[in-house]
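Commentary on secondary and tertiary structure
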Amino acid sequence: MTTDETGREPRVRILIAEDQALVRRGTAVLLAMESDMEVVGQACDGIEAVEMATRLRPEIVLMDLHMPRQGGVAATREITRALPGTQVLVLTTLNDDDTVFEAVRAGAHGYLLKDVTEQELLETIRALRRGESRLTPQIARKVMDQFRRLAEASDNARNADGATAKRDGATETLNEKEEKILSLITDGMSNRQIANVMFLAEGTVKNYVSRIMEKLHANTRTALAVISTKQRRSN
């Protein structure tokens, strides 16, 4: 990551998309107190979030889902498609299965509920900046359960029509160490935690994760976890 003239990492640029003014402003005050964070804009609905993200190019968009004019899922989809360098962190009260699944499918890199602590929110933002994806345990279970159901449906269809068995066999190309790292990602570990378990440098783990993503055609760590869970179910 690049540094400024003082040798420090530049502050992470954050856009807040939240329709409740009190919550939006309170979150902005919280983030502005952190020396490594900068709030570059505040949007009150999905349409404004997309417009401001396009104009301001933040690194992270803190996205509510239930907003007027355009909801957070649609806004997340537009932002992640148009701005691959921008990550969306969902912060919402909505935790029903359909909403969670649609937000992840739309490209959200993290999903938090509004009852998280301030420290959890700040650490998740920093984790996203490091290239990690974060889901609260409750949300992670919902995502995994949903993809297990999809895997079961896929298995049934494959058995019914005799589809090729190799379609989901991408992990066969992973070596033993990559398989282990993929398993730890599925367990929710960060790069630093994996480095400690595997006795590797954190940068080495990051390189491994990048190669695994390339081999499995995955864009995020969440997608890797989903693929791994699906393959475990089909084996």
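Look above for the structure.
In this report, the structure presented in the accompanying data block is examined. No experiment lies behind these values; they were computed from the predicted model shown.

A closer look at the overall build of the chain
Along its length, the chain carries 10 helices and 6 strands. Considering only contacts within the chain whose residues lie at least 6 apart along the sequence, 62% involve residues at least 24 apart. Summed over its atoms, the accessible surface of the chain is roughly 12,400 Å², and 49% of this surface lies on carbon and sulfur atoms.

Some words on the sheet that holds strand 3 (residues 60–63)
The strand order 2-1-3-4-5-6 describes an open sheet built from 6 strands, whose pairing is parallel. Among the strands making up the open sheet, the edge pair consists of strand 2 (37–43) and strand 6 (134–135). Judged from the 2 bridges that link them, strand 5 (residues 110–113) and strand 6 form a sheet pairing that is parallel. Of the residues in strand 6, the one forming a bridge with G110 is R134.

Observations concerning the side chain of H109
Among the structural elements, H109 can be located in the loop between helix 4 (97–106) and strand 5. Looking at H109, the relative accessible area reads 14%, which means it is buried. Polar contacts involving the side chain of H109 include one to the main-chain carbonyl oxygen of G107, which spans 3.2 Å.

A look at the environment of V40
Structurally, the position occupied by V40 is in strand 2. Counting along the chain gives 16 residues from V40 to L56, while the straight-line C-alpha distance between them is 7.3 Å. Those residues in contact with V40 that sit more than four places away from it in its chain are R13, I14, L15, L56 and P58.

Some words on the nonpolar core
Inside soluble globular proteins, nonpolar side chains tend to come together where they are buried. If you look at the biggest cluster of nonpolar residues, it comprises 25 residues, and the most contacted ones within it are V61, M63, L65, I79, V90 and Y111. Counting only elements with at least two residues in this core, the list comes to strand 1 (12–17), helix 2 (46–56), strand 3, helix 3 (72–82), strand 4 (87–92), helix 4 and strand 5. Sort the elements by how many residues they give to this core and helix 2 lands first, with 5 residues. Setting aside residues up to four positions removed in sequence, M63 forms contacts with A17, A49, G72, A75, T76, I79, V88, L89, V90 and L91. Of all hydrophobic cores here, the second largest spans 17 residues; its members include I16, L30, I60 and L112.

As for unusual backbone geometry
Backbone phi values are negative for most residues with the exception of glycine, while trans is the configuration of most peptide bonds. Even without being glycine, R57 reaches a positive phi, approximately 50 degrees. Its location among the elements puts R57 in the loop between helix 2 and strand 3. Not every positive phi belongs to a glycine, and R69 is a case in point at roughly 65 degrees. Here R69 lies in the loop between strand 3 and helix 3.

A closer look at the side chain of T124
Take T124: it is sitting in helix 5 (residues 118–129). When neighbours within four sequence positions are excluded, T124 is seen to be in contact with L89, L112 and R134.

A closer look at the pairing of strand 1
The buried fraction of strand 1 is high, at 5 of 6 residues. Where strand 1 lies against strand 3, 4 bridges are found, and the strand directions are parallel. Following the sheet pairing, I16 is matched in strand 3 by L62.

Some points on helix 4
Residues T99, V100, F101, A103, V104 and A106 constitute the buried set of helix 4. Phi turns positive, to about 120 degrees, at G107, one or two residues after helix 4.

A few points about helix 9 (residues 202–216)
Helix length check: helix 9, at 15 residues, gives a terminal C-alpha distance of 21 Å against a target of 21 Å (1.5 Å per residue), a fit within 8%. Listed as buried for helix 9 are V205, Y208, V209, I212, M213 and L216. End-on view of helix 9: buried residues confined to an arc of 140 degrees, all on one side of the axis.

Quick notes on the rules
Residues numbered from 1 in each chain as written. Predicted model: local features only at pLDDT ≥ 70, side-chain atom pairs only at ≥ 80, totals over all residues. Heavy atoms only, no water. Helix = DSSP H or I, 4+ residues; strand = E, 2+ residues; numbered from the N terminus. Contact = heavy atoms within 4.5 Å. Areas by Shrake-Rupley, 256 points an atom, 1.4 Å probe, with all protein chains shown as cover. Pairing = 2+ DSSP bridges. Buried < 20%, exposed > 50% of the residue type's maximum accessible area, 1.4 Å probe, protein only. Polar contact = N/O pair within 3.5 Å; in protein donor to acceptor, adjacent residues only side chain to side chain. Core = buried A, V, L, I, M, F, W, Y, C linked by side-chain atoms within 4.5 Å. Expected span 1.5 Å × (residues − 1). Arc of directions from axis to C-beta.

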